[in-house]
Amino acid sequence: LSFNQQLLYTSSDGAEDDTINTLTNLAGTIGKNRIRLTSDYQIKPESQLKRVGASVNRYISKDMDIEGGVQHFMQDRFTEVLAKLNWDSGYGNISPSISYNTDKDVIAAVTTRFGLTRDPLSGSPKMFDRQITTNGGLSVFVFLDKNGDNIFNEEHENAEEIGRAH
């Protein structure tokens with residue numbers, strides 16, 4: 001059984017616009033099922049329960065599990081139910097899912113997650129079933145190519161001051 005409590009403080013120009021939220025997660029295992037209960041409670045500016053959720057995850061095989069969950073947003077009176085299959089292919093994770101909500105939307109999706117890097121010895125790309133960077137992130141090595149051959153050589157320098165878009 002694990003319990004996680006987070007306190008989130010968001011500051012803005014005026015103190016009256018600052019917010020304080022607390023996120024609570026309670027997770028545990030019952031038999032072959034992993035169960036998670038979550039809540040999002042706003043402390044400031046107005047004390048209110050914003051969201052509650054519950055999910056169950058069960059392994060079907062060594063590289064596959066099924067997940068089901070529901071979450072309810074109090075203020076909007078909005079509820080969403082989700083069913084998802086997660087498959088670890090060895091080169092990435094593939095997760096088809098279907099959800100239904102109180103707006104009567106049915107959403108079918110396929111999500112993929114993988115890590116991609118260049119093998120420094122062979123120079124060829126390699127895919128991994130685990131993430132190398134965070135979701136949506138991109139990790140790159142940039143150098144000043146002094147001789148224009150597009151290959152990193154000993155005489156090249158790491159480009160320190162590179163602009164980034166967020």
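Read on for a plain summary of the structure.

How each quantity is defined
All residue numbers refer to positions counted from 1 along the written sequence of the respective chain. This being a predicted model, a pLDDT of at least 70 is required before a residue's local features are given, and a value of 80 or more before pairs of side-chain atoms are given or counted; all residues contribute to the totals for chains, interfaces and linings. The side-chain figures draw on all heavy atoms in the structure; neither hydrogens nor water molecules are used. To qualify as a helix, a DSSP run of H or I must reach at least 4 residues; to qualify as a strand, a run of E must reach at least 2; elements of each kind are numbered from the N terminus. We call a residue buried when its accessible area falls under 20% of the maximum for its residue type, exposed when it is over 50%, and partly exposed in between, using a 1.4 Å probe and counting protein chains only. The contact rule is simple, with two residues in contact once any of their heavy atoms fall within 4.5 Å. To measure how exposed things are, a 1.4 Å probe is used in the Shrake-Rupley method; for residues, cover is taken only from the protein chains shown. Two rings from Phe, Tyr or Trp (for Trp, the six-membered ring) form a pair when their centres sit within 6.5 Å of each other. Planes less than 30 degrees apart are called stacked, planes more than 60 degrees apart edge-to-face, and all others tilted. For two strands to be treated as a pair, DSSP must find at least two bridges joining them. An axis is simply a line fitted to the C-alpha atoms; with a helix, the fit covers only the stretch in contact. Between two such axes, the angle follows the N-to-C directions and lies from 0 to 180 degrees.

### Concerning the overall build of the protein chain
Okay, so step 1: Scanning the protein chain from N- to C-terminus turns up zero helices and twelve strands.
Okay, so step 2: Taken across its 166 residues, the protein chain has 18% of its residues classed as buried.
Okay, so step 3: Across the protein chain, contacts joining residues at least 24 apart in sequence account for 14% of those joining residues at least 6 apart.
Okay, so step 4: When the accessible surface of the protein chain is split by element, carbon and sulfur atoms take 55% of a total near 12,700 Å².

### Observations regarding the packing of aromatic side chains
Okay, so step 1: Here the structure, examined in full by the defined rule, presents one aromatic pair.
Okay, so step 2: Ring centres of phenylalanine 73 and phenylalanine 78 lie 6.1 Å apart, and the angle between their planes is 50°; this geometry places the pair in the tilted category.
Okay, so step 3: Assessed through its relative accessible area of 27%, phenylalanine 73 is described here as partly exposed.

### Some details on the sheet that holds strand S1 (residues 2-10)
Okay, so step 1: Taken in spatial order, the eight strands line up as S1-S2-S3-S4-S5-S6-S7-S8 in an open sheet, and their pairing is antiparallel. With one partner strand each, in any of the chains shown, S1 and strand S8 (106-113) form the two edges of the open sheet. The sheet shows a mean angle of 15° between the axes of neighbouring strands, taken without regard to direction.

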